[in-house]
Each structure stands twice: as C-alpha cells, then as structure tokens.
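Listed below are the residues making up each chain.
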Amino acid sequence: MSKYMVSIHQCYSTWRIIGLKTQKLSPAPLWWLWSCNCHSGPEVVLQLKAQKGASSHEVTKRHKRERSSCQEILDHFDQQYSQELGDLWASARSVLLDPQSWQHGVMLNRFSVATDITEILQSQGFSALLPQTDVSTILCDAPLSVANSKNQAGEDSVLPPHYISKCPPNFSLHQRGSTSHTFVPDFQSEPSLALPRPSLQCYIHPYPLRFPSQAHRPGQLKQYYLLNAASLLPVLALQVRDEEKVLDLCSAPGGKALAIMQCATPARLCCNEPDPHRRDWLAKTLESFLPRSLNSRVIVSAQDGRYFGQNEAGTYDKVLVDAPCSNDRSWLYSCSSQQGEQRLKERGSLPALQAQLLRSALSAVRPGGVVVYSTCTLSSSENCAVIETVLNDCPEAEPEDLWEGIAAPLSKYFAFSPAHRGHGGETLYKLSPQAQDGSVSSYRHTLGILVVPQPGKTWGPMFLSRLRRRK
C-alpha cells in the first residue's frame, strides 16, 4: 500500500477518535457534502479517497455524476482564459475540472482550545502555511500579530520525522498549551485582557486530504474553519493591527472576518452584508467562532455596499472588498446549462458593481488608510480592469506592489502570476513616472497578483490588489 493511502487511512481512523473523544465534530457520516462557498472555501468537505470495495466505487461514481461541469461555462472559460493566461490555462483547467484534487486549509480559532486538533494535523502531515518568521515579515513586523512560539521542528514534536524535512527553515510548531486559551464567558470588563495573543494559523497538506467539519453548537466555539487557503492572502495584505477600525464590506459568509480576528484585535470590525439570507449565515459564522466579549467590537451591518462610503466617509483604517464575482470554481459546476447561460449574462454586469464597491471603500477609508480588493475569479475584466477604472476615477488612490510582500515569501505554496490586463494588453490607467520607468511586469505587480490553480498547488483562483488613500 502506498504511503499516501496509509496516511489517509491513519487520518480517517484518527478523525473517528476525535469525534468519540470530543463530541465536537458533526455526528453525521458526512461522506461528504459539497458547498459552493464563493469566497472562503467549503465549510463542509469532499469525500476522502480512502474507502475500500464496491461502496467506495459507487460513491466515487455518484460524486462525479453530481459534479459534472457545465459545458457552456467551460467553453466560455476556454475562449477567455486561453487568451488571458496563455500556457497557464491548460494546467489550471485540469485542476478546476478535478475537484478531488483540490486542497483545503484548516484555520485554527485562537478563541478556542485547539491543541489536540493541532497535534492531530501535524501527525498526519499537515504543516503551518505561515511559519512565524514569515508571518512577521508579511505583517510588517507587527509585534502583537505573531504568536510568541520558540518551539522548533524536532524539539518535542508530534510531526513525523519524514515530514520535518519538508518544513521550511525556522518552522514553528504549536505545542500543547503554548498559545491556545479558553475564553471565560462571564468576563466582561477589559475584554482584551482575556483574549489570547493574535496569531493567524492555517494548516495545509501537500495532498488533497480534507479535515472533517464541525457542527454549529449554540454557546460552543468551533476550533477551526475550513477554507481555500488562498482566501487568507487578502487578509494578510490588509495588515490589520490591534485597535484599528476595519470594514469588511462584503463579509458573508464570514471566513475573512474570522481571519482578521485571528490576526489582530481591532477596535471595531464592521461586517457588512445587505442580503438577509447571507447576513444570517454571516451572523451564525461569527457566533460559532468569536466569544461574546467581542460583541462590542464586531458588529454586523446591512448597508448597500455601494453607498457605505457616503454614509461613513473617512471612518476606517482598513477596508476589505471581497467583491461578488463570477466564482470560477462554483460557476464551472452550474446545476444546468440554463443556469450557466444566465450566469454568463450576469457576468458582464459584475465589473460595474465591483468598481462601485471599490470606490465606496476608498471613501470609507481615512487618508493614509488601506483598501484591499479581492475576487475568486481569473477574469481580467473583474480584476485588473476594475482596479484601472477606479484608479482613473479616484486620483487619491495609489496602488501598492504586493509581489515582494505576499507572492515572493509564499511562492512555495501558491502559484502566483502577475495580474493580467486582458488579451488586448491595453493600459487604461495612466502610469506614474515611477511606473513608466519600470517594466511592464513591475506595473502588473503594482495592479495586483493572481493565484492560479496548478497541479500540486491547487489553491485559488484568487486576485488581490492593495490601494492606499493618499494623505
């Protein structure tokens, strides 16, 4: 039996033990429901390829039948992305058409005790996506944004030796009792003193293993959140620090809001979502992961994001615009050709909405503040074209290069590509003198970076761009 299959069997057995010991995992045998969570990745997970015999064969056949791609969407992607991405599209296409190859991250919740989960993840070959040395670099050495761990791989480690050699230099392990704390529900005064030190911790596996989801239980905090690890990159680019005022303009279902709260303890995090059904989903997510002591800091708003900046101009230090987009992963598996055709019609109207949201965010942020724009599509018309349109309309906005701060240190895990302006190559935004003197590649880096799913690095799609409002 291969090492891969042995690892999966060990993982499956261990997860059964977790469920029996903690009774926190979903009691139903979730073999395994699929959720098209547009922005933050699935909250429930796909079936492992670990079952034997005819039952596994039947489940696999049923899974493939249920997840057949929409030909209308695929044809459209082939035409557009082969022009925009060139040679990258063929390999990205193969990943998008094979959901069982997709990787998933496990983001730990610092407000819940997760030591046992951490040890199990490490014992099964999961490793930290953000080693502490890299996190401090990405977050500009923010002193309170990094867990203070001194443990190194190989020192009282639960990680098997054959995985330690694969870890990056100075990889820090999360040891029993080192950084996880239990929230005391009745503690009300000075709640920041009761909160554990901010630390964004996400574990990933080189193979497409899926950790089981946890059921929502009123009054009980979940230990981890399952997501596409690329969705953490916009949060890292935002560089949130303690006591800042932060706006998550398109917040549902809440994964990025949770990631923000792992990075820092802001004075205010406004999670805005105008759609009532998605807002209920958002509220339930926040309830499942955040202690009640944060109720005065984390609020849910129902404003139309296009006009938010008019109502609260210059209020926030940081604003995240995780915009509604033509999500490539979920759209490719539209339920019917009719739905696929309808989505393609809607796709043309999305850039105008996205530009409105981004302009609103720039109005909501204070002078000197930062806005991060992100989507989960490869489409240049929803990515770079939106950035260029808004830069032309908003002279107070200045793009910042994310290549050195995000792409370079994390290129081991993600397949990054400079943002593409479209197959025509036209430049809509008037370049600054500095950008004009630089290369086209440097200009593309300034507009944003794109995570393109590739074999072995199946994260994304994810586009992100950072704009700073001039003082």
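Residues numbered from 1 in each chain as written. Predicted model: local features only at pLDDT ≥ 70, side-chain atom pairs only at ≥ 80, totals over all residues. Heavy atoms only, no water.

How should I be thinking about unusual backbone geometry in this particular structure?
Most peptide bonds take the trans configuration, and most residues that are not glycine carry a negative phi. A252 connects to P253 through a cis peptide bond whose omega is 5 degrees. With respect to the helices, strands and loops of the structure, P253 is situated in the loop between β5 (245-248) and α9 (255-263). Across the junction of G460 and P461, the peptide omega takes the value 0 degrees, indicating a cis bond. Located in the positive-phi region is Q239, a residue other than glycine, with phi close to 55 degrees. Of note in the backbone geometry, E243 takes a positive phi value of approximately 70 degrees without being a glycine. Among the secondary structure elements, E243 is positioned in the loop between α8 (233-238) and β5. (Helix = DSSP H or I, 4+ residues; strand = E, 2+ residues; numbered from the N terminus.)

Whenever I open this one, the nonpolar core confuses me. Can you help?
Nonpolar side chains tend to gather and get buried jointly when the protein is soluble and globular. Residues L129, L233, F414 and F416 are the most contacted members of the largest nonpolar core, which totals 53 residues. Discounting residues that sit within four places of it in the chain, F414 has contacts with L129, A229, A230, L233, V451, K457 and W459. (Core = buried A, V, L, I, M, F, W, Y, C linked by side-chain atoms within 4.5 Å. Buried < 20%, exposed > 50% of the residue type's maximum accessible area, 1.4 Å probe, protein only. Contact = heavy atoms within 4.5 Å.)

It is not clear to me how the packing of helix α3 (residues 71-84) against helix α13 (residues 337-347) should be interpreted in this structure. Could you clarify?
Any two packed helices are characterised by the angle at which their axes cross and by the distance between the axes. Remark: α3 packs on α13, axes separated minimally by 8 Å, with the N-to-C direction vectors making an angle of 40 degrees. The residues of α13 that touch α3, namely those facing E72, I73, H76, F77, Q80 and Y81, are S337, G340, E341, L344 and R347. Among the residues forming the contact of α3 with α13, the class breakdown is four nonpolar, four polar and three charged. (Axes fitted to C-alpha atoms, helices over the stretch in contact; angles between N-to-C directions. Nonpolar A, V, L, I, M, F, W, Y, C, P; charged D, E, K, R; others polar.)

Help me out: how do you make sense of the environment of E398 in this one?
Mapped onto the secondary structure, E398 falls in strand β10 (residues 397-400). E398 sits 48 residues away from T446 along the chain, and the two C-alpha atoms are 9.4 Å apart. Setting aside residues no more than four positions away along its own chain, E398 makes contact with R466, L467, R468 and R470.

How should the pattern of salt bridges be read in this particular structure?
A pair can form between side chains of opposite charge whenever their charged atoms are brought close. Taken as a whole, this structure holds 14 salt bridges when the rule is applied. For the salt bridge of E243 with R297, the shortest nitrogen-to-oxygen distance reads 3.2 Å. Remark: R297 occurs in the loop between α10 (276-289) and β7 (298-301) and E243 occurs in the loop between α8 and β5; sequence separation between them is 54 residues. Classification of E243 by relative accessible area gives partly exposed; the value is 48%. According to the relative accessible area criterion, R297 is buried, its value standing at 12%. Of the charged contacts, one joins D304 and R306 as a salt bridge, the two residues approaching to 2.7 Å between their closest N and O atoms. Here R306 falls in the partly exposed class, since its relative accessible area comes to 32%. (Salt bridge = Lys/Arg side-chain N within 4 Å of Asp/Glu carboxyl O.)

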